[in-house]
Amino acid sequence: MAGPWVAEVALELAPWQQLQPLLDACYPRPPRDVFERVVAASHRRQRLWLARDGDGLLGLVMLSPHSKGGHLDNLAVAPSARGRGVGQQLVQTLLQAVGQDGPAMVTLTTRLPTFFSPFGFQPCGQLADGSTAMLLLLPGPAVSEPPAP
């Protein structure tokens, strides 16, 4: 069975009617208002990647870009799709996109730091809500050596 396809989607073209049930299922405890926060922040420059399998939405991840990279937000994988590599595929696709233009920094906060450690994220500290702040420095694309004269 082929895996889901992951693609970046313009925020204004996002399937909003599918995002809310996914976010509600993935964030059942505070802050349960994740969907409302996403909608409220949709006027800001954000990037969105979706994982789909046919017409079904399996997961999403967002990036709030800044001048040095961005902050990974709202990784969500449908409960029925967990354990199938969907989350890893979403994060890897985001990191590849962020690192295309050169060295970059990606930050995040999470209650599951062991999920992000294999990608190279390093814990920076604990926040008052019990989440862990993490940081990853991306080297950027490989630079080929110039041809010898």
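Before reading on, note that the structure itself is shown above.
Residues numbered from 1 in each chain as written. Predicted model: local features only at pLDDT ≥ 70, side-chain atom pairs only at ≥ 80, totals over all residues. Heavy atoms only, no water.

S.K.: I'd like a rundown of helix H1 (residues 16-26), residues and numbers included.
M.R.: Of all the positions in H1, only Leu19, Leu22, Leu23 and Cys26 are classed as buried. Summarising the axial view, the buried residues of H1 lie within an arc of 95 degrees, below the 170-degree limit, and thus occupy one face. (Buried < 20%, exposed > 50% of the residue type's maximum accessible area, 1.4 Å probe, protein only. Helix = DSSP H or I, 4+ residues; strand = E, 2+ residues; numbered from the N terminus. Arc of directions from axis to C-beta.)

S.K.: Give me the layout of surface pockets: which residues, what numbers.
M.R.: Looking at the second largest pocket, its volume works out to about 180 Å³. Lining the second largest pocket are 13 residues, with His66, Gly69, Val98, Asp101 and Ala104 positioned closest to its centre. Of all the elements in the fold, those that place two or more residues in the lining of the second largest pocket are strand S3 (56-66) and helix H3 (86-98). Here the residues of the lining of the second largest pocket are counted per class, giving 6 nonpolar, 4 polar and 3 charged. (1 Å grid on protein atoms, 1.4 Å probe; cavity = no way out; pocket = protein on both sides within 12 Å on 5 of 7 lines; lining within 4 Å. Points joined across faces, edges and corners; volume = space filled by probe spheres on them. Nonpolar A, V, L, I, M, F, W, Y, C, P; charged D, E, K, R; others polar.)

S.K.: Describe the packing of aromatic side chains, and please don't skip the residues or the numbers.
M.R.: Counted under the stated rule, the structure contains 3 aromatic pairs. On the basis of an interplanar angle of 55 degrees and a centroid distance of 5.9 Å, the ring pair of Phe115 and Phe119 is categorised as tilted. Look at Phe115 and you get partly exposed, because its relative accessible area is 24%. Since its relative accessible area comes to 18%, Phe119 is described here as buried. Taken together, a centroid distance of 5.8 Å and an interplanar angle of 85 degrees make the contact between Phe116 and Phe121 edge-to-face. No difference in accessibility class separates Phe116 from Phe121, as the two residues are buried. These aromatic residues form a ring-pair network of at least three members: Phe115, Phe116, Phe119 and Phe121. (Phe/Tyr/Trp six-rings, centres within 6.5 Å; stacked < 30°, edge-to-face > 60°.)

S.K.: Mind laying out the environment of Ala81, listing which residues take part and the relevant values?
M.R.: For Ala81, the location among the structural elements is in the loop between strand S4 (69-77) and H3. Residues within four places of Ala81 in sequence aside, it is in contact with Leu58 and Val86. (Contact = heavy atoms within 4.5 Å.)

S.K.: Please give an account of the pattern of salt bridges that cites residues and values.
M.R.: Two side chains bearing opposite charge may form a pair once their charged atoms approach each other closely. Counting across every chain of the model gives 3 salt bridges. Salt-bridge contacts for Glu8 lead to Arg47; the nearest nitrogen and oxygen are separated by 2.7 Å. Here Glu8, found in strand S1 (residues 5-9), pairs with Arg47, found in strand S2 (residues 47-53); they are 39 residues apart in sequence, far enough to count as distant. With relative accessibility at 39%, the residue Glu8 sits in the partly exposed group. Relative accessible area serves as the criterion here: at 25%, Arg47 is assigned to the partly exposed category. The salt bridge partner of Arg111 is Asp129, with a shortest N-O separation of 3.9 Å. You can see Arg111 sitting in the loop between strand S5 (104-110) and helix H4 (113-116) and its partner Asp129 sitting in the loop between strand S6 (122-126) and strand S7 (132-138), a full 18 residues away along the chain. Residue class for Asp129 comes out partly exposed when judged on its relative accessible area of 48%. (Salt bridge = Lys/Arg side-chain N within 4 Å of Asp/Glu carboxyl O.)

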